[in-house]
Amino acid sequence: MSTSCATVGTEWLNPVGTRLAVPGRINHFRGKCELNRRNFAFNGIVAAGASVMAPSVVAEPSKGLEKLPFKPEGYNYWMWRGHKIHYVVEGEGFPVVLIHGFGASAFHWRYNIPELAKKYKVYALDLIGFGWSEKALIEYDALVWRDQVVDFLKEIVKEPAVLVGNSLGGFTALVAAASLADQVKGVSLLNSAGQFGEASSAAEETEETALQKFILKPLKEIFQRAFLGFLFWQAKQPARIESVLKSVYINSSNVDNYLIDSITRPAADPNAGEVYYRLMTRFMSNQRKYTLDNVLRKLSCPLLLVWGDLDPWVGPAKANRIKEFYPNTTVINLKAGHCPHDEVPELVNEALLDWLSTTVTPASSLETVSEI
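All values reported here derive from a predicted model rather than from experimental measurement.

Explain helix α7 (residues 257-267) here, please?
Note: α-helices contain 3.6 residues per turn, so residues at a spacing of three or four share the same orientation. By the criterion of burial, α7 is predominantly enclosed, with eight of the 11 residues buried. Buried within α7 are the following residues: Tyr258, Leu259, Ile260, Ser262, Ile263, Thr264, Pro266 and Ala267.

What exactly am I supposed to notice about the pairing of strand β4 (residues 76-80) here?
The side chains of a regular strand alternate, residue by residue, between the two faces of the sheet. Relative to strand β5 (residues 83-90), β4 runs antiparallel, the two sharing five bridges. Its bridge partner lying in β5, asparagine 76 is registered against tyrosine 87. As consecutive antiparallel partners, β4 and β5 are separated by two residues, and within that stretch arginine 81 has a phi angle of approximately 55 degrees, a positive value.

How do you make sense of the packing of aromatic side chains when you look at a structure like this?
When we look at a pair of aromatic rings, we describe it by the centre distance and by the angle of the planes. In total, this model carries 14 aromatic pairs according to the counting rule given. With centroids separated by 5.8 Å and ring planes inclined at 80 degrees, the aromatic side chains of phenylalanine 70 and tryptophan 132 adopt a geometry described as edge-to-face. Here the residue phenylalanine 70 occupies a position in the loop between β3 (56-59) and β4, and tryptophan 132 occupies one in the loop between β7 (121-125) and α3 (142-157), the gap between them amounting to 62 residues. Taking the centre distance of 5.7 Å and the plane angle of 85 degrees together, the rings of tyrosine 123 and phenylalanine 152 count as edge-to-face. Residue tyrosine 123 is located in strand β7, and its partner phenylalanine 152 is located in helix α3; the two are separated by 29 residues in the primary sequence. The pair tyrosine 123 / phenylalanine 152 is uniform in exposure class, with both members buried.

Would you take a moment to explain the side chain of asparagine 251 for this structure?
Looking at the element boundaries, asparagine 251 is found in the loop between α6 (238-248) and α7. A polar side-chain atom of asparagine 251 sits 2.8 Å from a polar atom in the side chain of serine 253.

Rules behind the numbers
- Residues numbered from 1 in each chain as written.
- Predicted model: local features only at pLDDT ≥ 70, side-chain atom pairs only at ≥ 80, totals over all residues.
- Heavy atoms only, no water.
- Buried < 20%, exposed > 50% of the residue type's maximum accessible area, 1.4 Å probe, protein only.
- Helix = DSSP H or I, 4+ residues; strand = E, 2+ residues; numbered from the N terminus.
- Pairing = 2+ DSSP bridges.
- Phe/Tyr/Trp six-rings, centres within 6.5 Å; stacked < 30°, edge-to-face > 60°.
- Polar contact = N/O pair within 3.5 Å; in protein donor to acceptor, adjacent residues only side chain to side chain.

Worth remembering: the numbers are spatial, not functional.
This is the structure:
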């Protein structure tokens with residue numbers, strides 16, 4: 001399914017000018033991470049912003065950076081539970097796994113993969129239902145993507161790694177890390193999805209009456225299908241995607257044909273519309289089953305927050321709450337929107353490389369030497 005960053009759900013960037021301001025401050029604190037269903041459904045997976053923090057440096061995004069070549073056929077494929085999963089792998093060294101946001105794909109890390117791959121072995125996979133991965137007709141749930149990432153680490157990566165995720169990919173990285181503590185040595189979140197609060201449970205649901213089950217529920221589904229079918233058709237139009245992206249990237253210079261094509265192609269897949277419907281009606285309504293509180297309590301590795309403060313959907317307040325909740329956290333504030341890795345990639349690359357070299361990989365290298 002995949003009307004990515006720009007049309008189906010809203011979790012990404014914002015417009016403001018042609019020059020981007022960026023951070024200059026790194027904070028060590030304690031830390032913790034919300035998807036807004038209404039915004040998700042109408043604006044399209046990209047978030048805009050409106051809140052400034054910290055001193056900044058002016059930067060022109062992605063100028064002179066190497067870019068991952070766009071391949072319409074994709075890169076590598078892996079069969080997972082009978083479904084075809086797409087992923088990219090570049091470089092050699094300690095593994096770093098990149099996980100995209102709602103509606104996006106591995107290609108959204110186009111400016112990060114080549115740079116990070118100069119020092120690390122970089123993987124970027126498409127979550128099932130998105131990008132070049134199969135648009136499987138399954139029940140979508142946060143645990144499905146968690147299981148996919150956990151199995152990817154076990155079957156493809158096969159060694160300790162660091163997880164980096166944006167938006168939905170950030171929350172997926174967290175739940176995967178909490179489930180595989182021995183193999184995940186660090187997690188970095190870029191404007192992560194996820195909510196704080198008490199998790200809801202199935203026990204709270206009331207029993208359906210015959211009227212609800214056989215009349216009201218079917219009528220509601222018919223209406224939802226018609227309404228969401230129209231939204232999906234509208235959301236996947238190239239002009240609409242470009243418009244939404246330009247309204248949510250603070251600096252829209254990176255909203256180009258490459259990015260738009262990486263969104264429109266997956267949206268044309270045969271089952272994309274049905275996957276979109278399932279995501280909007282089931283996954284989005286079950287978000288509160290899994291909260292950041294519970295996931296962060298199970299986390300045991302270093303956490304890096306690289307946060308676009310000009311993101312109205314997942315603004316700096318969430319980053320502040322995360323760092324207050326989880327002690328082993330480093331925070332880097334950027335004047336960017338919901339997808340800083342594509343908007344100011346040079347700054348995100350620098351932040352990741354510095355954190356990896358000083359916080360994560362040295363410890364991992366020492367462990368390896370001691371084992372030998």
